[in-house]
Amino acid sequence: MTQRTTWPGFVLLVIQPEAFYRKDPILAYARKTDGWTEVARQTVVWTPERARALLSPEPAETTTPAPDDEVHNEQHVAALCEGRSEIVVLRRATPPVEMVFLSNEEATPLEQTSATDWKRWLELCGPVDPAEARALAPRSLRALFGVDKAHCGVWTSRDVTQITSDLAKCFHDATEVERIYERVRVVGEQVAGGGSAAKSYLSSTVLETLTTALSRLCMAQPAQPLEWLGAYLQEAASLQGHARLPPRLVFVLGGPGAGKGTQCARLVAEFGFWHVSAGDLLRAEIQTQSEQGQLIDEMIRQGAIVPGHITLELLRKKLVDAGSTLAVPGVLIDGFPRALDQAIDFECLLRRADFCLFFECSEAEMERRLLQRSRSSGRTDDNPESIRKRFRTFIETTMPVIEFLERRMRVHRIPAERSVDEVYAQVRQLFL
Ligand SMILES: Nc1ncnc2c1ncn2[C@@H]1O[C@H](COP(=O)(O)OP(=O)(O)O)[C@@H](O)[C@H]1O
Ligand SMILES: O=c1ccn([C@@H]2O[C@H](COP(=O)(O)OP(=O)(O)O)[C@@H](O)[C@H]2O)c(=O)[nH]1
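Residues numbered from 1 in each chain as written. Chains lettered and ligands numbered in written order. Predicted model: local features only at pLDDT ≥ 70, side-chain atom pairs only at ≥ 80, totals over all residues. Heavy atoms only, no water.

A. Layout of the overall build of the chain. Along its length, the chain carries 20 helices and nine strands. Expressed as a percentage of the 432 residues in the chain, the buried residues total 46%. With an accessible surface of roughly 21,300 Å², the chain has 54% of that area assigned to carbon and sulfur atoms. (Helix = DSSP H or I, 4+ residues; strand = E, 2+ residues; numbered from the N terminus. Buried < 20%, exposed > 50% of the residue type's maximum accessible area, 1.4 Å probe, protein only. Areas by Shrake-Rupley, 256 points an atom, 1.4 Å probe, with all protein chains shown as cover.)

Okay, structure coming up:
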């Protein structure tokens, strides 16, 4: 494979095994943050030889030492071989919608393949050491998805000249690399050319809605045109069957038995909110008797947290695929997120919550309530042993989420040891 010295117009991303189940949030994040879209993708399991070859600099390059944080080591090789990885080829490609609109003629080509894109890409990935990334670039992929230097979540070529040869080392089938080049070229022409391909794409998708929206905007001349347009387009999208989330999204957290479900039921009765309990979704999945259901059953009995991607997918389906979301004033997400990765992934896949209710209650009171609940709940985890484990999980894994959320949104701490009525009297004030 010949090496190109110029930017080939795409980037190579290896989502490492520790982040494999978070590939969708990673790609969604790259797309939302900087418009990176996928050109090709493949799941692989690395052998140590292949991983070593990928992580070693090219012989021709050895005179140019790689930056410290890019130097590979055997730990990184071992980390890459720990499980499945995803290789993704991404390209920055935003259809030049505004160009088509404003020119009314042939669109002016947008420069999508400049070296600036590469710089932006490296910034999006962040420093290889996730601890450093969290300090210096907290919104980078490695800050959000990495664990430690070897398990940094994602790997990417260290400079543009390496991309082509790295690609060849990634894909087992050499012809796949040629196919990728061809796809990049076609996507590039569609986007940068701005001619018939881009126009036909736009006319078959959004042109009519956008044109109508702009004419209505001119008629309405609202004080906040952007907000007005945003609301109009969201409404139009939902009418086309692309459901959207309700206007208000609230996380409801607290230890097991703190009274989350009880207070949610009150809010539903008074305000008509939609109550979505992550625990209920998981318990419903157990009833399907699928393999996934069996895993969930076991984890709930153990008081452990079910892998985030499972819960997130159940929630996503419930929230996004449901057709009735427009009618409700808001949704209460009960018992989620329970771990840091869930909080980040939810935001990437859906959106940031508006605020969080956090019910604070002593373990003694929560245990008393759970044991009382066990008489009628039929829940396999309402027993002294599971309760003890759930308390531990709550302290170790869920409490850090509260601290994380406090940096991102308002978290209302509600003393929950009082009677149901007294607690609710305080809660309802937040929704008036
Ligand atoms: N403020 C309260 N005082 C006394 N009992 C309560 C209170 N809030 C809830 N309960 C009871 O405690 C048990 C656990 O409440 P629940 O709402 O199911 O908690 P969570 O959803 O946080 O696990 C239930 O049996 C419920 O009736
Ligand atoms: O996002 C979630 C929500 C729930 N659970 C599991 O479901 C159990 C019950 O959660 P629920 O919110 O229904 O009840 P709580 O423990 O708060 O009483 C928890 O202990 C976890 O094992 C989970 O893994 N992820």
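B. Just the nonpolar core, in detail. With 79 residues, the main nonpolar core has V89, W121, F251, I333, F346 and L405 as its most contacted residues. Both domains that furnish three or more residues to this core are identified here as domain 1 (11-201) and domain 3 (248-429). When sequence neighbours within four positions are dropped, the list of residues in contact with V89 reads F10, V11, L12, T37, E38, V39, A40, L167, F171 and I180. (Core = buried A, V, L, I, M, F, W, Y, C linked by side-chain atoms within 4.5 Å. Domains from an automatic or database assignment. Contact = heavy atoms within 4.5 Å.)

C. View of the site of ligand 1. Neighbouring ligand 1 are the residues G255, G257, A258, G259, K260, G261, T262, R369, R373, R418, S419 and V420. With respect to ligand 1, the backbone of A258 contributes an N or O atom lying 3.3 Å from an oxygen atom. For ligand 1, an oxygen atom lies 2.9 Å from a polar atom in the side chain of K260. Bound to the protein, ligand 1 loses 77% of the 570 Å² it would expose on its own. When residues in the shell around ligand 1 are grouped by element, the largest group, three residues, is from helix α13 (residues 260-271). Grouping the constituent residues of the shell around ligand 1 by class yields two nonpolar, six polar and four charged. (Near = heavy atom within 4 Å. Polar contact = N/O pair within 3.5 Å; in protein donor to acceptor, adjacent residues only side chain to side chain. Nonpolar A, V, L, I, M, F, W, Y, C, P; charged D, E, K, R; others polar.)

D. Structural context of helix α1 (residues 23-34). Between its first and last C-alpha atoms α1 spans 16 Å; for 12 residues at 1.5 Å apiece the expected length is 16 Å, and the two agree. Those residues of α1 not exposed but buried are K23, P25, I26, L27, A28, Y29, A30 and D34. Phi turns positive, to about 75°, at G35, one or two residues after α1. (Expected span 1.5 Å × (residues − 1).)

E. Examining the packing of α13 against helix α20 (residues 420-429) more closely. The interhelical angle for the contact between α13 and α20, taken along N-to-C directions, is 55°, at an axis separation of 10 Å. The angle between the axes of α13 and α20 places the two elements in the oblique class. Between α13 and α20 the crossing geometry is right-handed. Residues T262, Q263, R266, L267, E270 and F271 of α13 touch α20, and the partners they reach there are V420, D421, V423, Y424, V427 and R428. When grouped by side-chain class, the residues that make up the contact of α13 with α20 number six nonpolar, two polar and four charged. (Axes fitted to C-alpha atoms, helices over the stretch in contact; angles between N-to-C directions. Parallel < 35°, antiparallel > 145°, perpendicular 65-115°, else oblique. Left-handed = near helix turned anticlockwise from the far one by under 90°.)

F. Spotlight on the environment of Q75. Inspection of the secondary structure assignment puts Q75 in helix α3 (residues 74-80). Along the chain, Q75 and A150 lie 75 residues apart, while their C-alpha atoms are 5.9 Å from each other.

G. Main features of the pairing of strand β5 (residues 248-254). Most of β5 sits out of view: six of its seven residues are buried. In the sheet, β5 pairs with strand β7 (residues 330-334) via five bridges, with the strands oriented parallel. Counterpart to R248 in the pairing with β7 is G330. (Pairing = 2+ DSSP bridges.)

H. Broad picture of the packing of aromatic side chains. Here the structure, examined in full by the defined rule, presents 11 aromatic pairs. Ring centres of F271 and F273 lie 5.7 Å apart, and the angle between their planes is 40°; on these two criteria the pair is classed as tilted. Under the relative-accessibility criterion, F271 is labelled partly exposed at 21%. Given a relative accessible area of 6%, F273 falls into the buried group. Ring geometry for F271 against F431: centres 6.0 Å apart, planes inclined by 35°, an arrangement best described as tilted. Of the two residues, F271 sits in helix α13 while F431 sits in the segment after α20, which places them 160 residues apart along the sequence. Under the relative-accessibility criterion, F431 is labelled buried at 6%. (Phe/Tyr/Trp six-rings, centres within 6.5 Å; stacked < 30°, edge-to-face > 60°.)

I. Representation of the sheet that holds strand β9 (residues 410-415) within the structure. Across the sheet, which stays open at both edges, the five strands sit in the order β6-β7-β5-β8-β9 with parallel pairing between neighbours. Among the strands making up the open sheet, the edge pair consists of β6 (274-277) and β9. Each strand axis lies, on average, 20° off the axis of its neighbour in the sheet, ignoring direction. Note: strand β8 (residues 355-360) against β9, six bridges, orientation parallel. Residue pairing for β9: C356 is matched across the bridge by V411. Packed on one face of the sheet, helix α14 (residues 278-287) meets β6 and β7 and runs near 60° to β6.

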